[in-house]
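Each chain is listed here by its residues.
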Amino acid sequence: VVHHVVVWSATYFYVSQSDKGGLIFGGHIDRYNSYAQRGNLANWSETMQGLASLVPFASRLRLLRSWGGIMDMTPDGSPIITTTPVPGLYLNGGWCYGGFKATPASGWCFAHTIANDAPHPLNAGFTMDRFDKGRLIDEAGYGPYNHLQ
Amino acid sequence: MLRIHCPYCGVRDHEEFSYFGDASKSYPGLEAQNREAWVEAVFMRNNPKGEHHEFWQHTLACRRWLVVRRNTLTHDILEVLPARERSLNATQPAPGSGPATDQGAHP
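Parameters and conventions
- Residues numbered from 1 in each chain as written.
- Chains lettered and ligands numbered in written order.
- Predicted model: local features only at pLDDT ≥ 70, side-chain atom pairs only at ≥ 80, totals over all residues.
- Heavy atoms only, no water.
- Helix = DSSP H or I, 4+ residues; strand = E, 2+ residues; numbered from the N terminus.
- Buried < 20%, exposed > 50% of the residue type's maximum accessible area, 1.4 Å probe, protein only.
- Areas by Shrake-Rupley, 256 points an atom, 1.4 Å probe, with all protein chains shown as cover.
- Contact = heavy atoms within 4.5 Å.
- Buried area = accessible area lost by both parts, 1.4 Å probe.
- Salt bridge = Lys/Arg side-chain N within 4 Å of Asp/Glu carboxyl O.
- Phe/Tyr/Trp six-rings, centres within 6.5 Å; stacked < 30°, edge-to-face > 60°.
- Patch = residues over 30% accessible without salt bridge, like charges linked within 9 Å, V, L, I, M, F, W, Y side chains within 5 Å.

Caption draft 1: Representation of the overall build of chain B. Per the secondary structure count, chain B includes two helices and six strands. Relative to its full complement of 107 residues, chain B shows a buried share of 42%. Taken as a whole, chain B presents about 6100 Å² of accessible surface, with 51% of it coming from carbon and sulfur.

Caption draft 2: Broad picture of the interface of chain A and chain B. Each side of the interface is counted separately: chain A has 16 residues, and chain B has 21 residues. For the chain A and chain B pair, buried surface summed over both sides reaches about 1800 Å², with 58% attributable to carbon and sulfur atoms. When residues of chain A are sorted by the area they lose upon contact with chain B, Tyr-32, Asn-33 and Tyr-35 of chain A head the list and together hold 40% of the total. Here chain A is connected to chain B by one salt bridge.

Caption draft 3: Broad picture of the packing of aromatic side chains. On inspection of all chains with the given rule, the structure shows nine aromatic pairs over all chains. Their ring planes at 45 degrees and their centres at 5.7 Å tell us that Tyr-32 of chain A and Trp-56 of chain B sit as a pair that is tilted. Of this pair, Tyr-32 of chain A sits in the loop between strand 3 (23-26) and helix 1 (41-54) while Trp-56 of chain B sits in strand 4 (residues 51-57), each in a different chain. Taking 5.4 Å as the distance between ring centres and 50 degrees as the angle between the ring planes, the aromatic pair formed by Phe-131 of chain A and Phe-43 of chain B counts as tilted. Of this pair, Phe-131 of chain A sits in helix 3 (residues 130-133) while Phe-43 of chain B sits in the loop between helix 1 (35-42) and strand 4, which puts the two residues in different chains. The exposure class of Phe-131 of chain A is buried, given its relative accessible area of 9%.

Caption draft 4: Looking closely at the environment of Thr-74 of chain A. Mapped onto the elements of the fold, Thr-74 of chain A is located in the loop between helix 1 and strand 4 (80-83). With 21 residues separating them along the chain, Thr-74 of chain A and Trp-95 of chain A place their C-alpha atoms 7.5 Å apart.

Caption draft 5: Broad picture of a nonpolar patch on the surface. On the surface, a nonpolar cluster with roughly 470 Å² of combined accessible area is contributed by Leu-41, Trp-44, Met-48 and Leu-63 of chain A together with Met-1 of chain B. Positionally, Leu-41 of chain A belongs in helix 1.

Put into structure tokens, the structure is as follows:
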């Protein structure tokens, strides 16, 4: 029933359909530091409301399972895809909540970074020391406050 | 769902509050020129698994700023103090706040 990944920015909600037929959907982060990996009722409610608003018939479906994890947030909300001071060690992380959808492009850039031991121009700015140097990639416009993202 | 005991309003759902992150940091004086001190204050966070001092504001009610001591693994809320009271008592000099405190004297 859903042929694409649908992202709805009004509440931060996304939904897609797996090959087995189930709908996979998710919503916002907790907005506070947590290692609990279980989410909370307020976020569940917001996510369910997102689905029911966007795809009303889905309100009659059963929820099979749910998942909560730890998001690797960076201060400016953008990932780190870079070489490191340790030879042979490369880092691709800090994806905040955007990782899955950007995987093809970021994987390609990361492979280029590893093969050449130097970043591709596309990910040259996504360094670890950009915070120290004041060269943030501030796409969301929240500055260095990842709890606002 | 967290339930936070606001010292002014009583126990409320966390949906009434806004989260403002680590309360254990102290910032250099505005005139401080020391870049390392600013980087440390603005960007570096310990992000502990366990007890965490953090700012919350009771945005949808009294709008007071609070410092909450919360366990980030179990979500137990151990203490809630008005932010002002906590800074006056300053019983817990937070980890990592040491080097950044007296940079204001920098010319």
